[in-house]
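Next come the chains, spelled out residue by residue.
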Amino acid sequence: MPHQPETLAVHAGTEPEATSGAIMTPIFQTSTYVQSAPAVHKGYEYSRTDNPTRTALQTALAQLEGARFGLAFASGMAAIDTLTRLLKPGDHVIAANDVYGGTYRLFERVVARYGITFSWVDTTDPARVRAALRPETRFIWLETPTNPGLRLADIAAIADLKPAGVQLVVDNTFASPILQQPLALGADIVMHSTTKYLGGHSDVVGGASCSMMRKPTRPSSFCKTRWARSLGLWIAS
Amino acid sequence: MRDFGGMISFIHAEGPEAAQAMSARTHIFALAESLGGVESLIEHPYSMTHASTADSEIATDPALVRLSVGIEHPQDLLDDLHTALG
């Protein structure tokens, strides 16, 4: 039987450490892992890609969002920037017309230089989202509640109207998975600045994205580009 | 969204200068970017977190004040806001 969010928030992703029984996940301060034969290892090759400390956090984030997997990034902006690598020149994005200033700046001043266009839409009205769709639309980017206006979008209604080939991405930073699980409402990807409610103590900077995709390998660039932005292990702990 | 969260935004009735001034007058609400911590924060998005949207099609109202409400005692937070609002 699946556990309630309060229980997951405490226990998800954590197992007693194998050699000592330590209840908290150790900080595996290692860059590389010994292999028993070439390409034969225990699932860990190099800490930029995977590290047990980061795995524990990613498992917890995925479970809290009801996702199949989660990825932890060095910041929320690193997570957003990496998600934009799913786009290619000529693609179009529908984005909420009230978003974090850093998101707007990244989209219009950096990503737009690569031939990707953005429509800033009042996403409180699903009809306006539908009207903004183009054949080349690949992302619908929601914040709900929005930052700073705290406007709400109907995630399920927008998921229902979205054509095949369009990914619905929800920045769930303001609600946190305790108040809202976008994937259960039909979103394809949910992302966070984990600096905020998931961190909760103003003492770390981090980010995350979670998806129902079975593995974070589609397209492969998604995984490759995030590798340089993985969350540090001391913060993951 | 299943319930209310901890964020509050409001447009100061006396305009942008009053919004900026009150943001600097609280004592428990710390004037800082970010949100979601146990401690309460106040900020002026137009000149802080959302400065990059100024003069754009999604520009933030310059009279908007954003609060991240922490877990201090509610009466202490209300008193702080009342004092700052004058």
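Criteria and thresholds
Sequence order as written defines residue numbering, which begins from 1 separately in each chain. The naming scheme follows written order: chains are lettered A onward, ligands numbered 1 onward. With pLDDT at 70 or above as the cut-off, local features in this predicted model cover only qualifying residues; side-chain atom pairs require 80 or more to be listed or tallied, and sums for whole chains, interfaces and linings still use all residues. Water and hydrogen atoms play no part in the side-chain values, which are based on all heavy atoms of the structure. Helix and strand assignments come from DSSP, with helices taken as H or I runs of at least 4 residues and strands as E runs of at least 2, each series counted from the N terminus. As defined in this context, the radius of gyration uses C-alpha atoms, and a globule is described by 2.2 Å times the residue total to the power 0.38. Think of it in three bands: with a 1.4 Å probe and only protein chains considered, a residue is buried below 20% of the maximum accessible area for its type, exposed above 50%, and partly exposed in between. Note on areas: these come from Shrake-Rupley sampling with a 1.4 Å probe, and a residue is covered only by the protein chains present in the view. Two strands qualify as a pair provided that DSSP identifies no fewer than 2 bridges between them. Axis definition: a line fit to C-alpha positions, over the contact stretch in the case of helices; interaxial angles, taken between N-to-C directions, run 0 to 180 degrees. Only heavy atoms enter the contact rule, under which two residues are in contact if any of them lie within 4.5 Å. Classification of ring pairs rests on two measures: the distance between centres of Phe, Tyr or Trp rings, Trp counted by its six-membered ring, which must be within 6.5 Å, and the angle between planes, read as stacked under 30 degrees, edge-to-face over 60 and tilted in between. Buried area: the accessible surface (1.4 Å probe) lost by two parts on joining, summed over both. Any pair of nitrogen or oxygen atoms within 3.5 Å is treated as a polar contact; in protein, a donor-acceptor pairing is required on top of that, and neighbouring residues in sequence qualify only through side-chain atoms on both sides. Polarity classes work like this: nonpolar for Ala, Val, Leu, Ile, Met, Phe, Trp, Tyr, Cys and Pro, charged for Asp, Glu, Lys and Arg, and polar for all others, with Gly in that last group.

A. Here's a closer look at the overall build of chain A. Along the backbone of chain A there are nine helices and seven strands. Against the compact-globule benchmark of 18 Å for 237 residues, chain A has a radius of gyration of 18 Å, which places it among compact chains. Here the C-alpha coordinates of chain A stretch approximately 60 × 40 × 35 Å along the principal axes. Here chain A holds 237 residues, and the buried ones make up 49% of them. When the accessible surface of chain A is totalled, it reaches about 11300 Å², and 56% of it is carbon and sulfur.

B. Here's a closer look at the pairing of strand E7 (residues 207-211) of chain A. Residue and element names in this part refer to chain A. In terms of residue burial, E7 counts as a mostly covered element, since five of its five residues are buried. Here E7 shows no split at all, with Gly207, Ser209 and Ser211 on one side and Ala208 and Cys210 on the other all buried. Inspection of the sheet shows strand E6 (residues 189-193) paired to E7 by five bridges, in the antiparallel sense. Following the sheet pairing, histidine 192 is matched in E7 by alanine 208.

C. Inspection of the sheet that holds E6(A) at higher detail. All names here are of chain A. The strand order across the open sheet built from seven strands is E1-E7-E6-E5-E4-E2-E3, with neighbouring strands paired in mixed fashion. Taken across any chain shown, the strands that pair with only one partner, and hence form the sheet edges, are strand E1 (69-73) and strand E3 (117-121). Averaged over all adjacent pairs, the angle separating strand axes in this sheet is 20 degrees, with direction ignored. Against the sheet, helix H2 (residues 52-65) touches E1, E6 and E7, its axis set at about 125 degrees to E1.

D. Representation of the packing of aromatic side chains. All names here are of chain A. The tally for this structure, following the rule as stated, stands at seven aromatic pairs over all chains. Measuring from ring centre to ring centre gives 5.2 Å for phenylalanine 107 and tryptophan 141, while their planes differ by 90 degrees; the resulting arrangement is edge-to-face. In this pair, phenylalanine 107 sits in helix H4 (residues 101-109) while tryptophan 141 sits in strand E4 (residues 137-143), placing the two residues 34 residues apart along the sequence. This pair shows no difference in class: phenylalanine 107 is buried, exactly as tryptophan 141 is. Arranged with centres 6.3 Å apart and planes meeting at 45 degrees, the rings of phenylalanine 139 and tryptophan 141 form a pair that is tilted.

E. Here's a closer look at the interface of chain A and chain B. On the chain B side, the residues contacting the 27 residues of chain A number 27 residues. Across the chain A/chain B interface, buried area totals approximately 2200 Å², and carbon plus sulfur atoms make up 58% of it. Together, A:Pro148, A:Leu179 and A:Tyr197 form the three largest contributors to the area buried by chain A at its contact with chain B, with a combined 28%. The tally of links between chain A and chain B comes to 13 residue pairs in polar contact (both at pLDDT 80 or more). Of all the secondary-structure elements, those providing two or more residues to the side of chain A that touches chain B are H4 and helix H7 (176-179) of chain A. For the side of chain A that touches chain B, the per-class residue count stands at 14 nonpolar, 10 polar and three charged.

F. Highlighting the environment of A:Asp125. Residues and elements named next belong to chain A. Within the secondary structure, aspartate 125 sits in the loop between E3 and helix H5 (126-132). Classification of aspartate 125 by relative accessible area gives partly exposed; the value is 30%. For the pair aspartate 125 and arginine 85, spaced 40 residues apart in the sequence, the C-alpha separation amounts to 27 Å. Reaching out from aspartate 125, the side chain makes a polar contact with the backbone nitrogen of alanine 127 at a distance of 3.0 Å.

G. Quick peek at the side chain of A:Thr49. Residues and elements named next belong to chain A. Tracing the backbone shows threonine 49 in the loop between helix H1 (5-11) and H2. The exposure class of threonine 49 is buried, given its relative accessible area of 14%. A distance of 2.7 Å separates the side chain of threonine 49 from the backbone oxygen of tyrosine 46, its partner in a polar contact.

All we've got here are geometric facts, nothing functional implied.
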